[in-house]
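Here is what each chain is made of, one letter per residue.
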Amino acid sequence: MIVRNQWYVAAYGREITHDLFSRTICGESILFWRTEAGAVTAMADRCVHRRFPLSQAPTRLVGDQVVCGYHGFTYGADGACVAVPGQTRVPRTARLRSYPVVEQDSFVWVFIGDPDLAGGVRIPRAPWLDSPGWTAVSGMEPLAARAGLLVDNLLDLSHETYLHGGYIGTPEVAGTPITTEVDDEAGIVYVSRHMDDAECPPFYSRSTGLSGRISRWQDIEYTPPCLYLLHSRIAPVGSQPNPDGTDPDAFHVEVVYAITPETETSTHDFWAVARDFALDDEEVSAFLAEQNRTVVLQDVEALDVLEQVIASEPAGYQELSINIDTGGLAARRMLARLASSTAVRV
Amino acid sequence: MIVRNQWYVAAYGREITHDLFSRTICGESILFWRTEAGAVTAMADRCVHRRFPLSQAPTRLVGDQVVCGYHGFTYGADGACVAVPGQTRVPRTARLRSYPVVEQDSFVWVFIGDPDLAGGVRIPRAPWLDSPGWTAVSGMEPLAARAGLLVDNLLDLSHETYLHGGYIGTPEVAGTPITTEVDDEAGIVYVSRHMDDAECPPFYSRSTGLSGRISRWQDIEYTPPCLYLLHSRIAPVGSQPNPDGTDPDAFHVEVVYAITPETETSTHDFWAVARDFALDDEEVSAFLAEQNRTVVLQDVEALDVLEQVIASEPAGYQELSINIDTGGLAARRMLARLASSTAVRV
Amino acid sequence: MIVRNQWYVAAYGREITHDLFSRTICGESILFWRTEAGAVTAMADRCVHRRFPLSQAPTRLVGDQVVCGYHGFTYGADGACVAVPGQTRVPRTARLRSYPVVEQDSFVWVFIGDPDLAGGVRIPRAPWLDSPGWTAVSGMEPLAARAGLLVDNLLDLSHETYLHGGYIGTPEVAGTPITTEVDDEAGIVYVSRHMDDAECPPFYSRSTGLSGRISRWQDIEYTPPCLYLLHSRIAPVGSQPNPDGTDPDAFHVEVVYAITPETETSTHDFWAVARDFALDDEEVSAFLAEQNRTVVLQDVEALDVLEQVIASEPAGYQELSINIDTGGLAARRMLARLASSTAVRV
């Protein structure tokens, strides 16, 4: 179940240069490149003539035009065909489908669905990835599992204790109850777990320098379908933010996931970790990048297995849900509603 | 066509230790482990919560409890859930499906189907695999072909002459007619071929020390769906068993196959060779193990090819059968009857 | 869409020796071998008994008889079974389907469909592959794409400029308009492109010794479904054939493709290049063989990608066609007509 008429993260801005780049988003193979003026373009990665993928050599970029490597059909940055072989007249309908694109918060967002609706759909923000006062590390791992499995995973962090023990998991995560809140109007699911006296996992002890027990808050803010934020606060036990919102004794980490379906059963798992401390410490950056990638790969391994389980199980299999699942179940409901409202609209 | 409500060999007893072990039997992924008291347990290899396979790390056994590696759901040896994360109450329905298990004749048998019917279905015996006076070697080879192809193969040993020439095949096997007998009440198919003056293949000459021509009897006893016995008697030409059943001049080999469907189109091919001579001769054991494994792998290669042929052929293809096929055809009829009676019963 | 009741190239004559050889043609697995007298036989590659592929070891040829490696069913060169195991009577219906075969122009042609119709269907000729006055190099590359994609490719040579630039493509190929002619009665599509003042690509400059600009004619003659000829004339600019048909100043190259479906989505891509110059020059032979194989592999890579694009695209995708496609579209129409007339006839 892929929700259309939505913005999705297609790439990091740094991935798109003056070179042909292709990625499949929601089942659509899309060609990206950056014009000589620096704008990101997005168009169908398939020549209108005989389907040749334009990301495929010997297709090449000549200035701001793409020349198909099969028969030479040539397209401008807006997707319009400007030249064909063997004749001077270019058919009026020779045009690649182009996609609305926005570059923001280090991401390239693309709108999947009816482009006329793009303006009316909000792009959620992750400003910490590209703001003064914050340092971020990031990456993307391919996931051979449906996006819904990653949503389940991220909305229920009790799994940190088991799947990520020794990295970010401690007994308190699974042991501490959560509160869940759903803002249907804004289209956001909130899940909070505040551990006031918890073990400090290596992920945070080595990056913050804190030792001993800590206060650890996990405040999840998920905007279906694509953007997941984990506002993480680590502080000495007993420390609280000030009434004016300042919080000088705490360390803040913003963990960001962009969950982009590649196909019905595979996903681009974009992850980023931003922090408001040790801003110029390369060693901390390298440590957090390596640790978070390891954690993401533990999830990837588990979710790839779950996708295989689903593929081989009889239809109608029923899961059992408990309190820790309230966030994930709320997210599923919101995704189902978005999917059905799209179905009606189209 | 998999016959349910039947006992199948899932493993050798030696394969199941105090460690998580998974095998797919008749399309069902089953978790096996041995309790600290030594009993074999069998339960569904899938957490009731979010489907995580319990055989998958970091799931682990703690005493006689399985702790799921995803969110920590914890199960006892009977499959009942005893702990879940984030709450003290365990839902009543949180229980893994458990399977009837019997350990016998070196095999772990598991009942596939309605567990209430297990007591009424006979488990066929292969006592030579675990009896004084006998020495056995055994193994299991994965077969990428439906179980029925292995049944066909084993019920018609004329193929030894061609597919296993130089190992266990000689011209007399294909050349000697068979007798077939079907005991519908007991659910057994018998096929016999008595060669009274035959070449001695290396399999028997090197293990028995006989040279020159031999009397070679092949008495098949197949109890569908799972257990196949080949009672093999090798003796000097002219030698007969005594009227009282003793047979001092002959060498007896019991070849046992357990034919367990993994899926509709793949099979666990358990094989064992027991003998009543050279009981402590390690060299004979090693020779018979290596030879029989080679023969099994010749079958595996041929049957894997046949499965591919079936996969690519148009529906309704018709085989041609002759006298040598009477045993195989009887086995097919018995399997079809078992399958349909199951279908009615459920 | 595979057209049946047609002759297809199954192999080069040199591929068929007194040894078992199998190739799948139009979805049918066919066994070929040459009798001791030198005739090519073609029969179903599947034993009538239990489906064993006769091309599979330990099946073997004994004189002019095939002995199945599974149970020893034995077949003569006409496909009739002459011996079975365990009994002397051979069932009357024990016979492999045999295929009409013609060896001609270095190819082994096989008739796919109703054998009674074979005599009424013309086998197109490619005499240059096996004639005095001509020297040919040839090969076959497996294509993981439907035959229709190769037909499209070969009927529209404008792609040489882009996909084969630096080998056989120059700007004039894509730049010069074509003329297309369809002979419905003979069942032939003609496409011509005469470039009277063109760059000489390496393929022709190194083989002919011509330098500077040339006259280059491409005259395509495609007889659906299987045989494609490219009559290629390379000459100094301004040179014309004489009124009597002689053409002493020109170099003639006959490029031959046999397009044989393996399955609905894979193809045997037979290619040959015959020339009427440098007949004994091994270096020219080696150069043309290597160059043409490289060009074929460039096509294979592109068409394999297109097959994947088709496999993943939604149903009903529409291509855009222009003037260069008139030959390919005519070929598609003729193939569709052949397919539907076959469908009616059967």
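Note that the structure is a prediction, hence the values are computed from the model and not measured.

A. Representation of the overall build of chain A in the model. The helix and strand tally for chain A stands at six helices and 17 strands. In terms of C-alpha radius of gyration, chain A reaches 22 Å, essentially the compact-globule figure of 20 Å for 346 residues. Taken along its principal axes, the extent of the C-alpha atoms in chain A is 75 × 50 × 35 Å. Here chain A holds 346 residues, and 57% of them are scored as buried. Within chain A, residue pairs in contact and separated by at least 24 positions form 58% of the contacts whose partners lie at least 6 positions apart.

B. Quick look at the environment of C:Gly72. With respect to the secondary-structure elements, C:Gly72 resides in the loop between β6 (65-67) and β7 (74-75). For the pair C:Gly72 and C:Leu31, spaced 41 residues apart in sequence, the C-alpha separation works out to 17 Å. Those residues in contact with C:Gly72, other than ones at most four positions away along the chain, are B:Tyr162, C:Val67 and C:Ala83.

C. Region of interest: the UniProt feature "domain: Rieske" (unreviewed entry) in chain A. If you check UniProt for "domain: Rieske" (unreviewed entry), the listed places come out as residues 7-110 of chain A in our numbering. Counting secondary structure, residues 7-110 of chain A comes out at 0% helix and 40% strand; the distance between its end C-alpha atoms is 5 Å.

D. Molecular detail of the interface of chain A and chain C. With 24 residues of chain A in contact, the opposing surface of chain C contributes 29 residues. When the two sides are added together, the surface that chain A and chain C hide from each other amounts to roughly 2,200 Å², 57% of it contributed by carbon and sulfur. Between A:Arg51 and C:Glu313 there is a salt bridge, with the nearest N and O atoms lying 2.7 Å from each other. Looking at the side of chain A that touches chain C residue by residue, the class counts come to 13 nonpolar, eight polar and three charged.

E. Representation of the sheet that holds strand β11 (residues 135-143) of chain A within the structure. Residues and elements named next belong to chain A. Spatial ordering of the open sheet is given by β11-β17-β16-β15-β14-β13-β12, a layout of seven strands whose pairing is antiparallel. The two strands at the open ends of the sheet, each matched to only one other strand, are β11 and β12 (179-183). Strand-to-strand twist in this sheet, taken as the mean axis angle between neighbours without regard to direction, amounts to 15 degrees. The pairing of β11 with strand β17 (residues 266-275) spans nine bridges and is antiparallel. Each bridged residue has a counterpart across the sheet, and for Leu 143 the counterpart in β17 is Thr 267. On the sheet, helix α1 (residues 147-155) packs against β11, β13 (188-198), β14 (214-223), β15 (227-236), β16 (251-263) and β17 and is oriented at approximately 160 degrees with respect to β16. Each of β11, β16 and β17 is contacted by helix α5 (residues 282-312), which is oriented at about 25 degrees to β11, the strand it contacts most.

F. Representation of the layout of surface pockets in the model. Within this model, the largest pocket holds a volume of roughly 710 Å³. Along its surface, the largest pocket is lined by 25 residues, and B:Pro314, C:Gly27, C:Glu28, C:Ser29 and C:Arg46 are the ones closest to its centre. Broken down by secondary-structure element, the contributors of at least two residues to the lining of the largest pocket are α5 (282-312) of chain B together with β3 (28-34) of chain C. Looking at which element gives the most residues to the lining of the largest pocket, the answer is α5(B), with three residues. Looking at the lining of the largest pocket residue by residue, the classes come out as nine nonpolar, nine polar and seven charged.

G. Main features of the relation of the copies chain A and chain C. When chain A is fitted onto chain C, the two copies agree to an RMSD of 0.0 Å after a turn of 120 degrees and an axial shift of 0.0 Å. The relationship between the two copies is best expressed as a three-fold rotation axis. It is A:Ala311 whose C-alpha, among those of chain A, lies nearest the rotation axis, at 11 Å.

H. Up close: the pairing of strand β9 (residues 101-104) of chain B. Residue and element names in this part refer to chain B. As paired elements, β9 and strand β10 (residues 107-112) share four bridges and run antiparallel to each other. Opposite Gln 104, over in β10, you have Phe 107 as the bridge partner. The turn linking β9 back onto β10 is made up of two residues, and Asp 105 within it adopts a positive phi angle of 55 degrees.

I. Representation of a negative patch on the surface within the structure. Residues and elements named next belong to chain A. On the surface, a cluster of negative charge is made up of Asp 280, Asp 281, Glu 282 and Glu 283. Note on placement: Glu 283 falls in helix α5. Look at Glu 283 and you get exposed, because its relative accessible area is 58%.

J. Up close: the interface of chain C and chain B. Contact with chain C, which involves 24 residues of that partner, is made by 29 residues of chain B. In total, chain C and chain B occlude about 2,200 Å² of area from one another, counting both sides; carbon and sulfur atoms represent 58% of this. Contact with chain B buries surface across chain C, with C:Arg50, C:Arg51 and C:Tyr70 losing the most and accounting together for 35% of the total. Between chain C and chain B we count five salt bridges in total. The interface formed by chain C and chain B holds 14 residue pairs in polar contact (both at pLDDT 80 or more) in total. Residues belonging to the side of chain C that touches chain B are distributed by class as follows: 13 nonpolar, eight polar and three charged.

K. Focus on the sheet that holds strand β15 (residues 227-236) of chain C. All names here are of chain C. Strand order in the open sheet made by the seven strands is β11-β17-β16-β15-β14-β13-β12, with antiparallel pairing throughout. The open sheet terminates on both sides in strands that have one partner only, identified here as β11 (135-143) and β12 (179-183). Taken over all neighbouring pairs, the strand axes of this sheet differ in orientation by 15 degrees on average, direction set aside. Relative to β15, strand β14 (residues 214-223) runs antiparallel, the two sharing ten bridges. Counterpart to Thr 223 in the pairing with β15 is Leu 227. Each of β11, β13 (188-198), β14, β15, β16 (251-263) and β17 (266-275) touches helix α1 (residues 147-155); the most contacted strand, β16, lies at about 160 degrees to it.

L. Up close: α1(C). Counting buried positions along α1(C) yields eight of nine residues, so the element is predominantly enclosed. Listing the buried residues of α1(C) in full gives C:Ala147, C:Leu149, C:Leu150, C:Val151, C:Asp152, C:Asn153, C:Leu154 and C:Leu155.

Calculation notes
Residues numbered from 1 in each chain as written. Chains lettered and ligands numbered in written order. Predicted model: local features only at pLDDT ≥ 70, side-chain atom pairs only at ≥ 80, totals over all residues. Heavy atoms only, no water. Helix = DSSP H or I, 4+ residues; strand = E, 2+ residues; numbered from the N terminus. Rg over C-alpha atoms; globule rule 2.2 N^0.38 Å. Buried < 20%, exposed > 50% of the residue type's maximum accessible area, 1.4 Å probe, protein only. Contact = heavy atoms within 4.5 Å. UniProt positions renumbered as here; feature names shortened; annotations may be inferred. Buried area = accessible area lost by both parts, 1.4 Å probe. Salt bridge = Lys/Arg side-chain N within 4 Å of Asp/Glu carboxyl O. Nonpolar A, V, L, I, M, F, W, Y, C, P; charged D, E, K, R; others polar. Pairing = 2+ DSSP bridges. Axes fitted to C-alpha atoms, helices over the stretch in contact; angles between N-to-C directions. 1 Å grid on protein atoms, 1.4 Å probe; cavity = no way out; pocket = protein on both sides within 12 Å on 5 of 7 lines; lining within 4 Å. Points joined across faces, edges and corners; volume = space filled by probe spheres on them. Least-squares fit on C-alpha atoms with pLDDT ≥ 70 in both. Patch = residues over 30% accessible without salt bridge, like charges linked within 9 Å, V, L, I, M, F, W, Y side chains within 5 Å. Areas by Shrake-Rupley, 256 points an atom, 1.4 Å probe, with all protein chains shown as cover. Lys, Arg positive; Asp, Glu negative; His and termini not counted. Charge placed at Lys NZ, Arg CZ, Asp CG, Glu CD. Polar contact = N/O pair within 3.5 Å; in protein donor to acceptor, adjacent residues only side chain to side chain.

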